[in-house]
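Listed below are the residues making up each chain.
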Amino acid sequence: METLTYRFAGAQRLPTFAPVLVGVVASGNLEVLLEPAASADCSFHIETSARGFGTIWEAVLRDFHERHGFQGARVSINDMGATPAVVSLRLDQAAAGLKKALP
Amino acid sequence: MSLSFAECSARERIALLFDEGSFHEWLPPSERVTSPHLAQLGLPAAFDDGVAIGRARLDGHGVFVAAQEGAFMGGGVGEVHGAKLVGLLRRALRDRPRAVLLLAESGGVRLHEANAGLIGVSEVMRAVLDVRAAGIPVVVLIGGANGCFGGMGIVARCADRVVMSDIARLAMSGPEVIEASHGVEEFDSRDRALVWRTTGGKHRYLSGDCDALVEDDVAAFRTAAIAALNGSRPLTLAALEREHAGLTQRLHDVADDEDAVLLWQRLGVREAAQVPDMDVETLRSHRPARGTQLAG
């Protein structure tokens, strides 16, 4: 297991919203929990079964953040060896779920 | 349009089966009540430990619901997972919902959590019987690709009503477990037709182990779940003895090495050899009287 954390400064301030959960923890898959946070940035917390992929995680998360730029959000991930493409899709699925959850 | 129950996740099943937007979850993922054991084994946890519990409305009636996520560790019952199920059932004793519905998809005890999982499953069984004894029906819906095996198979048969699709499976030991312990001559786990003849929804329906057989369709499960709301069965010594007598009779009906087709014939199923090819509607009209006797 490896724990990774990243923070990116965001531009799009999010109002409070009901937490969004997408995906499942299964082989080659992951779950993403998107929650509101009091902070002025977007934080990512990853628990992954695959060690040594920190630089790839950072690239994928930075990509996601450049697309959405959330501010005041906390993203928590439980990962069981998902590929970068699957991670990207799940993150965008969470962002799409957020649009529905917003008042 | 038909929507496959088997292909839905646990949360999608809840969202689609119950009245729209009526689900209120207890211990949601954001509470992070996760397994205390998996991290020690180098395995990632799930925020809900593989089961969602809460209250919802079904055709306007207030019900309690639990849905197991088969994709997470095969729906295995770990310590937290089991405690969530027990907590839901005990709360039902206090709040008296119209029914408790368990959307089961599980290989049974999560072996990584060994004794904690075993104790969890036995507590679930006791809690199911307590809820039934209080006159609140417990309904188990089985339609996931992982089936319902091990301790959860026993839990299912402790319930008032069992609803299955034809692609669902219900048993104690799973095919691979039987093959590993008794050899491939005893049971070839890769023989899918054999596996479904022995554990599948059609077989369970014909022999009376499940009450309703439906298509692999969310709307069909919803209709069957609504019908089961009035499905409370007496939990009495007389009822248990009747069931035991029926099971003893079934044991006499079939020798150790015989195929399910022979059992169907002896139960009085017409065209028993054609059962695997029948669609659900046709099969329903082939259910023998003795199958319904065991179901009660």
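Structure first, text after, so check above.
Residues numbered from 1 in each chain as written. Chains lettered and ligands numbered in written order. Predicted model: local features only at pLDDT ≥ 70, side-chain atom pairs only at ≥ 80, totals over all residues.

*Asks:* Please clarify how the overall build of chain A should be interpreted in this entry.
*Replies:* When its secondary structure is counted, chain A shows 2 helices and 7 strands. Secondary structure of chain A in N-to-C order comes out as β-β-β-β-β-α-β-β-α. Counting only C-alpha atoms, chain A reaches 35 × 25 × 20 Å along its principal axes. Expressed as a percentage of its 103 residues, the buried residues of chain A come to 36%. Residue pairs in contact within chain A that sit at least 24 positions apart in sequence constitute 85% of those at least 6 positions apart. (Helix = DSSP H or I, 4+ residues; strand = E, 2+ residues; numbered from the N terminus. Buried ≥ 20, exposed ≤ 12 C-beta atoms within 10 Å, placed from the backbone. Contact = placed C-beta atoms within 7 Å.)

*Asks:* Sorry if this is basic, but what is going on with the sheet that holds strand β3 (residues 61-68) of chain B here?
*Replies:* Strands belonging to one sheet form pairs held by backbone hydrogen bonds; the direction of such a pair is parallel or antiparallel. Residues and elements named next belong to chain B. Spatial ordering of the open sheet is given by β1-β2-β3-β4-β5-β6-β7, a layout of 7 strands whose pairing is mixed. Of all strands in the sheet, those with a lone pairing partner are β1 (24-26) and β7 (212-214), marking the two edges. Averaged over neighbouring strand pairs, the angle between their axes works out to 25° when direction is ignored. Relative to strand β2 (residues 51-58), β1 runs antiparallel, the two sharing 3 bridges. Directly across from tryptophan 26, in β2, lies its bridge partner isoleucine 53. Sheet strands touched by helix α1 (residues 10-17): β2, β3 and β4 (100-104). Its angle to β3, the strand with the most contacts, is close to 160°. Helix α8 (residues 218-227) rests against β2, β4, β5 (138-142), β6 (161-165) and β7 of the sheet, and its axis sits at about 160° to β7. (Pairing = 2+ DSSP bridges. Axes fitted to C-alpha atoms, helices over the stretch in contact; angles between N-to-C directions.)

*Asks:* Sorry, what's going on with the sheet that holds strand β3 (residues 20-23) of chain A here?
*Replies:* All names here are of chain A. Strand order in the open sheet made by the 5 strands is β1-β5-β7-β4-β3, with mixed pairing throughout. Each edge of the sheet is formed by a strand with only one pairing partner; in this case those strands are β1 (2-9) and β3. The average undirected angle you get between the axes of adjacent strands in this sheet is 15°. Here strand β4 (residues 30-36) runs beside strand β7 (residues 73-79); their pairing, made up of 7 bridges, is antiparallel. Bridge pairing in β7 links proline 36 to alanine 73. Taken strand by strand, helix α1 (residues 54-68) contacts β1 and β5 (41-48), and its axis lies near 35° from that of β1. Sitting on the sheet, helix α2 (residues 84-101) touches β3 and β4, and the angle it makes with β3 is about 145°.

*Asks:* In this structure, what is going on with helix α10 (residues 260-267) of chain B? I would like to understand it.
*Replies:* Turn by turn, an α-helix covers 3.6 residues, leaving residues three or four places apart pointing in a common direction. The complete set of buried residues in α10(B) reads B:Ala260, B:Leu263, B:Trp264 and B:Leu267. On an axial view of α10(B), the arc spanned by its buried residues comes to 100°, and they lie on one face. (Arc of directions from axis to C-beta.)

*Asks:* Explain the interface of chain B and chain A to me, please; I cannot follow it from the model alone.
*Replies:* Interfaces are often described in size by the accessible area the parts lose on coming together. Counting residues at the interface gives 13 residues for chain B and 15 residues for chain A. A breakdown of the residues in the side of chain B that touches chain A according to their chemical character gives 9 nonpolar, 3 polar and 1 charged. (Nonpolar A, V, L, I, M, F, W, Y, C, P; charged D, E, K, R; others polar.)

*Asks:* Can you help me understand unusual backbone geometry in this one?
*Replies:* All names here are of chain B. The phi torsion at leucine 27 lies on the positive side, around 50°, for a residue other than glycine. Here leucine 27 shows up in the loop between β1 and β2. What makes leucine 27 buried here is the crowd of 20 C-beta atoms within 10 Å. Non-glycine residue aspartate 49 carries a positive phi angle of around 50°. Here aspartate 49 lies in the loop between β1 and β2.

*Asks:* Just checking my understanding: could you explain the packing of helix α3 (residues 114-133) of chain B against helix α4 (residues 150-158) of chain B for this structure?
*Replies:* For any two helices packed against each other, the geometry is given by the interaxial angle and the distance between the axes. All names here are of chain B. Taken N-terminus to C-terminus, the directions of α3 and α4 make an angle of 5°; their axes are 9 Å apart at the nearest point. What the angle tells us is that α3 and α4 run roughly parallel. Within the contact between the two elements, α3 uses Val121, Val124, Met125, Val128 and Leu129 and α4 uses Gly151, Ile154, Val155 and Cys158. Here the contact of α3 with α4 is composed, by residue class, of 8 nonpolar, 1 polar and no charged. (Parallel < 35°, antiparallel > 145°, perpendicular 65-115°, else oblique.)

*Asks:* How do you make sense of the environment of B:Gly107 when you look at a structure like this?
*Replies:* Residues and elements named next belong to chain B. Along the chain, the position of glycine 107 falls in the loop between β4 and α3. A C-alpha to C-alpha distance of 7.7 Å links glycine 107 and glycine 174, two positions 67 residues apart in sequence. If we ignore the near neighbours within four places in the chain, the residues touching glycine 107 are Gly74, Gly75, Gly76, Asn146, Phe149, Gly150 and Gly174.

*Asks:* Sorry, what's going on with the environment of B:Leu102 here?
*Replies:* All names here are of chain B. Along the chain, the position of leucine 102 falls in strand β4. C-beta crowding within 10 Å serves as the criterion here: with 29 such atoms nearby, leucine 102 is assigned to the buried category. The spatial distance from the C-alpha of leucine 102 to the C-alpha of valine 65 is 5.8 Å, given a sequence separation of 37 residues. If we skip the residues at most four places from it in the chain, leucine 102 touches Ala66, Val138 and Val140.

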